[in-house]
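# Notes for the structure review
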Amino acid sequence: MNLFNVYPINPINIVRGQGSLVYDNHDTEYLDMYGGHAVISIGHTHPHYVKRLEDQLHQLGFYSNSIEIPIQKELAAKLGKVSGKEDYQLFMCNSGAEANENALKLASFYNGKKKVIAFTKAFHGRTSLAVAVTDNPKIVAPINETDNVIFLPWGDETALEQTFTDHGNEISSVIIEGIQGVGGIQVAPESFLQKIRTLCDQHNAVFIADSVQCGYGRTGKFFSQDFASVNADIYSMAKGMGNGFPVGGIIISPKIQPAYGMLGTTFGGNHLACAAGLAVLEVMEQDNLMQNAATIGEYLIKEIKKLEQVKEVRGRGLMIGIELPEELSDVRKELLFKHHIFTGEAKPNVVRLLPALNLTKAHADRFLEAFVNVLNQ
């Protein structure tokens, strides 16, 4: 049997990692400035993370949500403390797409309405509802198409207000990334997030903050929406939540009340997932990683802005997009194969940096030196 060939593959076999470094089967060292799509939040094979998972595996790997699972409550308490959302409720699943599916479904349960506002260049996942609110027709199958999604221009307050005026009694939710990832590291204006909050309150709509990539401390605050000093009704999470273990979840405002059978999952919130999630939060708290993300991210952005070949630098903390002119479209390839540095992209010409939150200044300088070298060759 062959693999279903849907991924363009680099001819590199990574076999081990430590911190922000990974190594291939020839023992070549690579600097990981991408964290496997923003997943590696506390570094590869962090010893506390490994021990947490190993200890849990020796006790119990899995049982269903039909029994008491105290480690779920432990994770919820720690997440509330670290995120500052202690009065919210946690529902766990396995991925970002699932998190957004559950958020959209829960919003519709809450207010009985169907329409969703999403935005140009949005990416919210590949499953049914999540892909329907994703602005990429190439990955929306006919069965996913729906008339219930209204796409608006990114950051356009006038269009947002007019849509609520025209359809306010039909709008179930507004879903937005605080910083778009696939869309090119576009930072949502603070006034725009505040306007969403106001209009959702006026029309009994649910504000869904997609924090799958831009959350979990990556920007220097736990959720990037926190920069606007507003609370969403539901935050979706995954990626860095488990540092590589499949973990997803939503945290839900106390105004939305649960009912038996409303949501469900087989693997979500299993013992190993909770152990991974706790390890991540414990390391983030102990090592002050949100502050490190803010400090190292600010340093990187400041230094990259000095480079005349760069058209624009966007982002916050360790979620950074570097927009380059078209003639520099091979920069990522040069960084990977000549300098052994992993980065990401947002088409057509944006280099994405999404490293672990404990990235050191020395590793940041290693990237900057290589990046300057590639730009000037």
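Here, the structure is the one placed above.
Because the structure is a prediction, the values reported are computed rather than measured.

## Re the sheet that holds strand S17 (residues 350–353)
Taken together, the four strands give an open sheet; going across it, the order is S13-S14-S17-S16, and neighbouring strands pair in antiparallel fashion. Unpaired on one side and paired on the other, strand S13 (312–316) and strand S16 (344–346) mark the two borders of the sheet. The mean angle between the axes of side-by-side strands here comes to 25 degrees, regardless of whether they run parallel or antiparallel. Here strand S14 (residues 319–323) pairs with S17 via four bridges, running antiparallel. Residue pairing in the sheet places Ile 320 in a bridge with Leu 353 of S17.

## Re the packing of helix H9 (residues 289–305) against helix H11 (residues 361–376)
Here H9 crosses H11 at 20 degrees, and the two axes come no closer than 10 Å. Viewed along their axes, H9 and H11 adopt a mutual orientation that is roughly parallel. Our pair here, H9 against H11, has a crossing hand that is right-handed. Contact with H9, carried on its side by Ile 296, Tyr 299, Leu 300, Glu 303 and Ile 304, involves Lys 361, Ala 364, Asp 365, Phe 367, Leu 368 and Phe 371 of H11 and no other residues of that element. Per-class residue counts for the contact of H9 with H11 are eight nonpolar, no polar and three charged.

Procedures and definitions
Residues numbered from 1 in each chain as written. Predicted model: local features only at pLDDT ≥ 70, side-chain atom pairs only at ≥ 80, totals over all residues. Heavy atoms only, no water. Pairing = 2+ DSSP bridges. Helix = DSSP H or I, 4+ residues; strand = E, 2+ residues; numbered from the N terminus. Axes fitted to C-alpha atoms, helices over the stretch in contact; angles between N-to-C directions. Parallel < 35°, antiparallel > 145°, perpendicular 65-115°, else oblique. Left-handed = near helix turned anticlockwise from the far one by under 90°. Contact = heavy atoms within 4.5 Å. Nonpolar A, V, L, I, M, F, W, Y, C, P; charged D, E, K, R; others polar.

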